[in-house]
Amino acid sequence: MASSRYEIGLEVISSLAQDAASAGSRQRNEATTRLHLIDRIIFDALQWPKEQCTPEESHDGLYADYVLGLPKRLMIVEAKKEGAYFELPLDSRTREISLPTLSRNNGNLSSALKQVGDYCTGRGIPVAVACNGHQLVAFIGSRVDGVPPTQGRAIIFRSIEEMKDDFLSLWNCLSYPAIERRYLESRLTGETVTPPPEKLSRRLLHYPGVKRRNELEHELRTLGEIFLQDLVKDEDFNEEFIEKCYCSSGSLSQYALISKEILKNRYAASGQGAKKTVTSASDKKGVSKDLINAVLAKSVTKRPVILLGDVGVGKTSFIKHLVSVDASEELKRGIVLYVDFGREPALRTDLQNYVLDSFERQLREKYGVNLTSDAFVRGIYHGELLALRDGIYGFLREANPTAYRLKEVELLASKIENKSGHLKKAIEHLISGEKRTVVVFLDNIDQRQDDFQEEVFLIAQSMAETWPVTCFVTLRPSTYNKSRRQGSLSAYQNRVFTISPPRIDLVVQKRLEFALEQLRDGGLSLSGEGISVESHMLREYIEVIIDSIDRNPSLAECIDNVSAGNVRDALDLLTVFVGSGHVDTGKILEIKIQTGRYFIPLHEFLRAVIYGDNEHYSPENSFVSNLFDLSSMNTAEHFLTPHMIDYCLRSSQGPGSDMGYVLQHEMFSYLQSLGYRDLQISSALSRVEQAKLCDFTMADEEAPARLRITQRGAYILRKLISEFVYVDAVVVDTPIIDDGFREIIADVRSIEDRLKRARHFVGYLDTCWEEAPRPNGGFDWSPVSAALWRNIEEVQGRISARKERG
């Protein structure tokens, strides 16, 4: 039976204790002490992974011997030479002692403890250890409970022999698993994480609620969903839609608040370790010639071709445009077999048969090829029929034609029953006999579970390897990278083409104009539904949106950045706005009809986007996250997420930026140096990932964990947090630590009361900022606060002017 990590560590310490007993008075210098003793205690006995150690890490010109933990930095070990003994209490029963007592009249130890304690305090790293190879002192070097680190308590080990005799305590305090579980902090401080006060949302009845809509708004929402989203799914409009609405991928957004280099390299991580096989699907002249050639490559490559693109970038639209426009000449006599796993249900237990049945149906309905017709089947298996005639049953052909015919039917039926083999033979017959190219697309498999994706890819691999077809599979970059490391893709070197997002403003413009064209033509008959749809009101409303986006760049900027290059999200934003209960739809239409135009102000659009269909703001149901949320009773944590996003944004634009990526451990190091604890940072990081404010790559053998700012993250930080409509929403989701402010920040409805509440909220954040870290060149709340106060007064001014006009 394999030994546990604990048992391995005990064996190491026992061996070191035995060596120490026989070494006599030998003394090592600091470097040798680290190599022979401290390295073995840390990495072999306490089981810290060596890749999680940063030796001689510099901070403000000071070097720490061992900084342990990645990406969270959890412990610093300061190494002293073997002869630098610490004066420790002789009572072996005393494992825990106060630091003031330990340091009193103990110059050598006091100096070491101060040194490592200062390192921890300056870098925000919780656990401090001083060790000379034989003796060890550990304490909490960075605290948030108001107790100075030098006034706390410490765990001490007087010798390696004592470490061996009480290895359980050593392991439970300082081993890698124990530090991860924060056992030492709990033991020395009695610290339990006190959650922040409940949010205002917890006191709201039926939170987050559903925003009521009137009959007009209900009708507009329904029609908006049909004309802006469902229209593309109607087969009657498919070709016309592709022709008029398709936008080529790869165009850089003119509204993005992140650097152009990030937009250019958004899939660069997918090429790590496979640069020769990852290329763009488009170039300046349109679709890449390499991709067109891949369509016609048949089975030369013997492996699937992967089309790589994030969710919502238009992989399906790219395929349809590729087939019907870009490669239409090459596929004039081709056969295209397509399965969309995002729309069509498929049973996991019978996936291969589902794919084969889908191909058989498409051959019959689109190309007039009946795989079971007598003439076609006899054509496929002409050689097998000749072999039957020359075989033992050949004499029946003249002696008993009926019996011979039955033998032929029996042979052909056995061939047809083998679905995969029969379809393969049929495709080979079509290619050799009719000179046709066959291309297979397996689309949207990344919308299914991992095991489902793995099986589909294996089906694609089998087809590409054994059938005379070109097989394409669409994947997300994250799915591709994960499978390339440890899934089906790890066994194959595949050709990969990346599909970058199109310009969102152009997609939105074309989609709106297409919907408007259908409405102006007299409505829409939905095929298969037997109903006709027409709406004068929706036509007016879409005209308002088109005109507003054209004349108000801030709307296009909002849609582009909040959607972050995701076409589906961009269309969802428009759909949410159409018929939103948070917008005075009747007023908009009345002004449009009376004056011929209405311009949507940004705050009106934002309110619909931030709240969605809810009465109150809910981060789980919104495109917009709350940057001021926190996980502890530390008011400075209100600014942790802004510091994090700001750091990622600044780093992405620096001269040494690696395609916009920031190493997670460097981000932890920066935030810990500001005084934030690793648990606080991890909590904020989780919220950032869930809200898609940053893109994340997981650590593997090729690269450490990294993150990169998204358009959405930059937009919320740069624009939204200085808007009244934003703080008016997120106030219900933000814990208010100060008792006085918490008492006056309540649930209110009128605009005047909400403005008053916003003033209290911004005032509260202003007081929190007084105690928050303020790094040079980092996030600064002061200009944000000033902009917020101005915006609140501007809103107040508009309200007052409206009242004066009556």
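Rules used throughout
- Residues numbered from 1 in each chain as written.
- Predicted model: local features only at pLDDT ≥ 70, side-chain atom pairs only at ≥ 80, totals over all residues.
- Heavy atoms only, no water.
- Pairing = 2+ DSSP bridges.
- Helix = DSSP H or I, 4+ residues; strand = E, 2+ residues; numbered from the N terminus.
- Axes fitted to C-alpha atoms, helices over the stretch in contact; angles between N-to-C directions.
- Contact = heavy atoms within 4.5 Å.
- pLDDT = per-residue confidence, 0-100.
- Phe/Tyr/Trp six-rings, centres within 6.5 Å; stacked < 30°, edge-to-face > 60°.
- Buried < 20%, exposed > 50% of the residue type's maximum accessible area, 1.4 Å probe, protein only.

## Things to note about the sheet that holds strand β18 (residues 661–663)
(1) Moving on: With antiparallel pairing, three strands are arranged side by side in an open sheet as β18-β20-β19. Two strands in the sheet have a free side with no partner beyond their single neighbour: β18 and β19 (694–697). Strand-to-strand twist in this sheet, taken as the mean axis angle between neighbours without regard to direction, amounts to 30 degrees.
(2) Moving on: Where β18 lies against strand β20 (residues 706–709), three bridges are found, and the strand directions are antiparallel. Paired with V662 across the two strands is L707, which belongs to β20.
(3) Moving on: Packing against the sheet, helix α28 (residues 640–652) makes contact with β18, β19 and β20, and its axis sits at approximately 85 degrees to β20.

## A word on the confidence of the model for the protein chain
(1) Moving on: Looking at the protein chain as a whole, its pLDDT mean stands at 85, while 89% of the residues score no less than 70.
(2) Moving on: Predicted confidence is poor over residues 526–533, with pLDDT under 50, and the contacts of this stretch with residues over four places away or in other chains come to 14 contacts.

## As for the side chain of T585
(1) Moving on: The topology assignment puts T585 in helix α26 (residues 585–595).
(2) Moving on: Each residue touching T585, except ones within four places of it in the same chain, is listed here: L216, E217, L220, Y541, G579 and S580.

## Let's talk about the packing of aromatic side chains
(1) Moving on: All told, the structure shown has 18 aromatic pairs when counted by the stated rule.
(2) Moving on: Both rings, one in Y6 and one in W171, keep their centres 5.8 Å apart while their planes meet at 90 degrees; by these two values the pair is edge-to-face. On the criterion of sequence distance, the pair formed by Y6 in helix α1 (residues 5–22) and W171 in helix α6 (residues 167–174) is long-range, its members being 165 residues apart.
(3) Moving on: Judged by its relative accessible area of 27%, Y6 falls in the partly exposed class.
(4) Moving on: Among the residues examined, W171 registers a relative accessible area of 11% and is labelled buried.
(5) Moving on: Ring centres 4.9 Å apart and planes at 20 degrees place the aromatic pair F441 and F472 in the stacked group. Of this pair, F441 sits in strand β13 (residues 438–443) while F472 sits in strand β14 (residues 470–475), placing them 31 residues apart in sequence.

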